[in-house]
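# Summary of structural features
Read off the chains here:
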Amino acid sequence: MSSSILIIYTGGTIGMKEDPSDGTLKPFDFSQIKEEVPELNKFDVRLDSYTFDPLIDSSDVEPSLWTALGELIAERHEDYDGFVILHGTDTMAYSASTLSFMLEGLTKPVVFTGSQLPIGVPRTDGKENLIGAVEIAAAKDAEGHARVPEVCIFFDSKLLRGNRSTKYSAEAFNAFASPNCPPLAEAGINIRYNTELIRKPVYWDAQLRVQTHLDTRVSILKVHPGMTPQVMHSVVADPGTRAVILETYGSGNALSKDWFLRIIAEACASGKILLNVTQCKAGTVNMDLYATGAALKRAGVLSGADITTEAALGKLFCLMGRSDQDKWVKTMLEKDLCGEISK
Ligand code: ASP
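This is a predicted model, so every value here is computed, not measured. (Residues numbered from 1 in each chain as written. Predicted model: local features only at pLDDT ≥ 70, side-chain atom pairs only at ≥ 80, totals over all residues. Heavy atoms only, no water.)

Running from N to C, helix α6 (residues 258-269) and helix α7 (residues 291-299) point in directions that differ by 30 degrees, and their axes come no closer than 9 Å. By the angle between their directions, the pair α6 and α7 is classed as roughly parallel. Taken together, the residues of α7 that come into contact with α6 (itself represented by F260, L261, I264, A265 and C268) are A295, L296 and A299. (Axes fitted to C-alpha atoms, helices over the stretch in contact; angles between N-to-C directions. Helix = DSSP H or I, 4+ residues; strand = E, 2+ residues; numbered from the N terminus. Parallel < 35°, antiparallel > 145°, perpendicular 65-115°, else oblique. Contact = heavy atoms within 4.5 Å.)

Taken together, G12, T13, D57, S58, G88, T89, D90 and S115 make up the full set of residues adjacent to the ligand. Expressed as a share of its isolated accessible area of 260 Å², the protein-covered part of the ligand is 88%. Residue composition of the shell around the ligand, by class: no nonpolar, six polar and two charged. (Near = heavy atom within 4 Å. Areas by Shrake-Rupley, 256 points an atom, 1.4 Å probe, with all protein chains shown as cover. Nonpolar A, V, L, I, M, F, W, Y, C, P; charged D, E, K, R; others polar.)

Right, let's get into helix α3 (residues 92-102). Burial analysis of α3 places 10 of its 11 residues in the buried class, the great majority of the element. Regarding α3, the residues found buried are M92, A93, S95, A96, S97, T98, L99, S100, F101 and M102. (Buried < 20%, exposed > 50% of the residue type's maximum accessible area, 1.4 Å probe, protein only.)

Attention now moves to the packing of helix α2 (residues 63-76) against α3. Closest axis-to-axis distance for the α2/α3 pair is 10 Å, and the angle between their directions is 50 degrees. As summarised for this structure, α2 and α3 are arranged oblique, according to the angle between their axes. Our pair here, α2 against α3, has a crossing hand that is right-handed. The residues of α3 that touch α2, namely those facing W66, T67, L69, G70 and I73, are Y94, S95, T98, L99 and M102. Grouping the amino acids of the contact of α2 with α3 by side-chain chemistry returns six nonpolar, four polar and no charged. (Left-handed = near helix turned anticlockwise from the far one by under 90°.)

Take a look at the structure:
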């Protein structure tokens, strides 16, 4: 069963190649992808490419890129069996997380990948990442359905759920981790799919809907020793902010000082959405465990459970973009919408 894949190149290290004239790294033309990576010819896959203009270092990613990606996937959805998005690693987990909430009724794979070394240098990890991402995006089961109809990240032989991933190493090829969810697949001699973990659509003939309106009035506040009431107040009480992700200690704990709890309680009472996400890489928020966590819960802070900060941000952008009703947003925030929190 042959497949057709659209490779979407947004920028980042993977698409760079040394210009022999001056030795600098420049983006290469992705329409010639099969010449650069001849191994791709071995697959029975039709490959087309789409290059964003301008190409960006992913540190410059803006929600407008996510909207453009969502619209492109919706527009080309009928023409392809899967999508591979080449993206810089720095914000890949943010983009994959947000896209997972934006693309409702997804029945095809959307696989992000990139690399730590440019594709045009000898020890690059880019070729393997790209080849694996294409193979996974093209993979179908016996009924002809996509094996992984999810937004994911393929990196260093592991397929991770996009909204569970986080960039973990600035140097290692093994750059991404998904501490609260095992890999959806692992590539060794064969690609082993973790079938019982992979989410399947309710209806395979579902219509893809893209949520393009994102409400970005969200701030992230990392709780730390020595935090001052002034800084805390300026972030939490800012009238331009509709929601605050509070990055707390351990299982969702923070200062028990009166001033801290007062600012939190006032913000919640004024209608702000406050979401508790742990600073720990693994594990979950449980505000019933310690008095400091329980005080946050009493003040009106919601539990993010084991969500990553990246996924919390994308989830808030999408839910708030969909509704002005804070009550509805709060109810949906605590639900697992696309595998981002453990039940
Ligand atoms: N700064 C680059 C980016 O995220 C790093 C990379 O591509 O890996 O776009």
